[in-house]
Each structure stands twice: as C-alpha cells, then as structure tokens.
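The primary structure of each chain is shown beneath.
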Amino acid sequence: MGLTHRSCGSGASREAFYQAGATETDYVIALAGNPNTGKSTLFNALTGLRQHTGNWPGKTVLRATGKYIFQGRLYELIDLPGTYSLLAQSAEEQVARDYLCFGRPHATIVVVDATCLERNLNLALQVLEITSRVVVCVNLIDEAKRKNIEINISALSNELGVPVVATAAREGAGLPALQQAVAAVAEGSVKTSPRRVRYDQVIEQCIARLEPKIKELVGETLNSRWLALRFLDGDATVVRALAEWLARGKAVVGGDILV
Ligand SMILES: Nc1nc2c(ncn2[C@@H]2O[C@H](COP(=O)(O)OP(=O)(O)OP(=O)(O)O)[C@@H](O)[C@H]2O)c(=O)[nH]1
Ligand SMILES: [Mg+2]
C-alpha cells in the first residue's frame, strides 16, 4: 500500500514536524523575506522577544519562535532566515523553503523593503508559488518616505492578489493593520488569489503529467504544482525533504501505514 496524505493526516504531520509543544496555538505564522528587511525587528515588536537584529544581512540563521495574542487568539510566529530565493542553494534558503512547504503555516508574512521593492518581489512571487496564504508587509516605509519613494499599496495588493500592509517596524507603525490582515488570511475570512507564474508550454505540459502523480502521494496537504516544478528542476534537496516528510508522517500515526 502506498503512503498517502490521507493516511498521514495533514494536521498530525504538521504538529509533529514543526510545532511540538505548541498545541495551544491557534495559528502559526511564518515571517519570510530578503535579508535585512526587518523580519526580526517585526518579530520582536510583535512578540516582545529579543531576536538578534542589526544592519547587516544573514543574522538569523535558524528559525526562532515567539508568540503574540491578537483579538483573543494565540499566534505563533516563526522568524525565518532572510533569503533572496527559495531555490535552496544555501542552508538558509533550505530552512526557509522547507518550512514554507512542509511546515504549512496558516499564513506567511513576506517582509519586503520599501526602498528596493522590485528586487524583493522576486522572493514574494516565489512564496506565492508555494502558498496562497500570504500577507505582504512593505517595511521600512519611513526610509522610503525619506527618499521620496511612494508606494501604491492598494495597486500592489491588486497586482499580487494578496493583502499588502505598509509598516515601519522599528517605530511599531502599521503593526495593528498587519495583525488584522494576518488574522483574516489565517482564519480564511479573506480569500486571496495570488499571482502565479505561468511557464512555457513545454514546462506546463510536463507539470500536467507530473502533478497528478505527486498529488496521489500528498493530496491537498502539500503544493503538488510547486513540488512538480522542483522535480523538473532536478532539485534533489526537495526529493529528500519530501521523502523525510512522508517517512515522518508514517511515524506520527503509529506505523499503521505500509509503504
Ligand atoms: N528605518 C527603519 N529601519 C528598520 C525598520 N525595520 C528594521 N529596521 C532596521 O533594519 C535593520 C535590519 O533589521 P533586522 O530585523 O535585523 O532584519 P532581518 O530581516 O531580520 O535580517 P536577517 O535576519 O539578516 O535576514 C536593523 O538595523 C533594524 O533596526 C524600519 O521599519 N525602519
Ligand atoms: Mg533576522
């Protein structure tokens, strides 16, 4: 018998993989973004913790966890390492990518730097390829204003198909609006329609052949289109991560699944 998503149970595997001891948490929220965009500053402002921050990239190398309460709900926030992409060419990229794909947070905040939005949107689009439960946080909006950079937040939101909120995390500006948007996405009261990249016909044809086979294995639990794309890339790290995910799922349910 094959190892399928149904026999693993999505909730069980998510808890066992990444959320050990966090069973009282209502929602798990990931913080992703390029290095130096203010993720840890935001994390500290929301959780009251003191994650390492500073004006050089690569400070956060492992994911850190903290909690906050908003409108009576307990949120667990995961501060991921800063990355320019999710193609897993470095340890940080792999930590961030594996968490977003296999950790399946209820929502992901993609923190982008308002002073160099274009470069940052590359990662935002990659995250949108993995998950539709995204809020984009345009941080360092104070710096952008100082440089006379204006950002049309609602146009950006329409373009990306997810909520976008402007913040200045160091001053705590915009945080209630961010928490509200995160709550709406996490609980599903706001439906997003993320902009997804369409590839050349040949690639789309390959995806169409591969995706159903992956879906048989993971169902709706993981993003089979994204996994198909990584397989087509020949990304061995994703193959290994998926094998591990399936194997651990098996352990979670007490071994009643036969491979
Ligand atoms: N002006 C301004 N500075 C900010 C803001 N948010 C963060 N910073 C500063 O930006 C720098 C980087 O912030 P971090 O929170 O360490 O950034 P990070 O995204 O966690 O960085 P990595 O862990 O290296 O990926 C620090 O010097 C912060 O004080 C903001 O909204 N406005
Ligand atoms: Mg950091």
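Conventions used here
- Residues numbered from 1 in each chain as written.
- Chains lettered and ligands numbered in written order.
- Predicted model: local features only at pLDDT ≥ 70, side-chain atom pairs only at ≥ 80, totals over all residues.
- Heavy atoms only, no water.
- Domains from an automatic or database assignment.
- Contact = heavy atoms within 4.5 Å.
- Buried area = accessible area lost by both parts, 1.4 Å probe.
- Salt bridge = Lys/Arg side-chain N within 4 Å of Asp/Glu carboxyl O.
- Polar contact = N/O pair within 3.5 Å; in protein donor to acceptor, adjacent residues only side chain to side chain.
- Helix = DSSP H or I, 4+ residues; strand = E, 2+ residues; numbered from the N terminus.
- Disulfide = S-S within 2.5 Å.
- Buried < 20%, exposed > 50% of the residue type's maximum accessible area, 1.4 Å probe, protein only.
- Pairing = 2+ DSSP bridges.
- Right-handed = clockwise from strand over helix to strand, strands pointing away.

**Here's the deal with the domain arrangement of the protein**
It is common to give the size of an interface as the accessible area lost on bringing the parts into contact.
Item 1. In terms of domains, the protein is made up of domain 1 (27–187) and domain 2 (201–248).
Item 2. Computed over C-alpha atoms only, the centres of domain 1 and domain 2 are separated by 26 Å.
Item 3. Counting residues at the interface gives 11 residues for domain 1, matched by 13 residues for domain 2.
Item 4. Between domain 1 and domain 2 the total buried area reaches about 1000 Å² when both faces are included, carbon and sulfur atoms providing 61% of it.
Item 5. Scanning the region where domain 1 abuts domain 2 turns up 1 salt bridge.
Item 6. If you look at where domain 1 meets domain 2, you find 5 residue pairs in polar contact (both at pLDDT 80 or more).
Item 7. Of all elements in the fold, only α4 (91–103) and α5 (117–130) reach the threshold of two or more residues within the side of domain 1 that touches domain 2.
Item 8. Sort the elements by how many residues they give to the side of domain 1 that touches domain 2 and α4 lands first, with 5 residues.

**Observations concerning the state of the cysteines**
Item 1. Scanning the entire structure with this criterion turns up 0 disulfides.
Item 2. Considering cysteine sulfurs only, Cys 116 is the nearest to Cys 137, which forms no disulfide, with 14 Å between them.

**A word on the side chain of Thr 37**
Item 1. Inspection of the secondary structure assignment puts Thr 37 in the loop between β1 (27–33) and α3 (39–47).
Item 2. At a separation of 2.9 Å, a polar atom in the side chain of Thr 37 contacts the main-chain carbonyl oxygen of Asn 34.

**Let's talk about the pairing of strand β4 (residues 107–113)**
Item 1. With respect to burial, β4 is a largely interior element, 7 of its 7 residues being buried.
Item 2. Across 6 bridges, β4 lies against strand β5 (residues 134–139) in parallel orientation. Its bridge partner lying in β5, Val 110 is registered against Val 136.
Item 3. After leaving β4, the chain enters α5 and then returns to the sheet as β5, a path that is right-handed.

**Structural notes on unusual backbone geometry**
Glycine aside, a negative phi is what most residues show, and trans is what most peptide bonds show.
Item 1. Even without being a glycine, Gln 71 presents a positive backbone phi close to 50 degrees.
Item 2. You can see Gln 71 is positioned in the loop between β2 (64–70) and β3 (73–79).
Item 3. Relative accessible area serves as the criterion here: at 57%, Gln 71 is assigned to the exposed category.
Item 4. For Leu 140, which is not glycine, the phi torsion reads 60 degrees and is therefore positive.
Item 5. Mapped onto the fold, Leu 140 is located in the loop between β5 and α6 (141–146).

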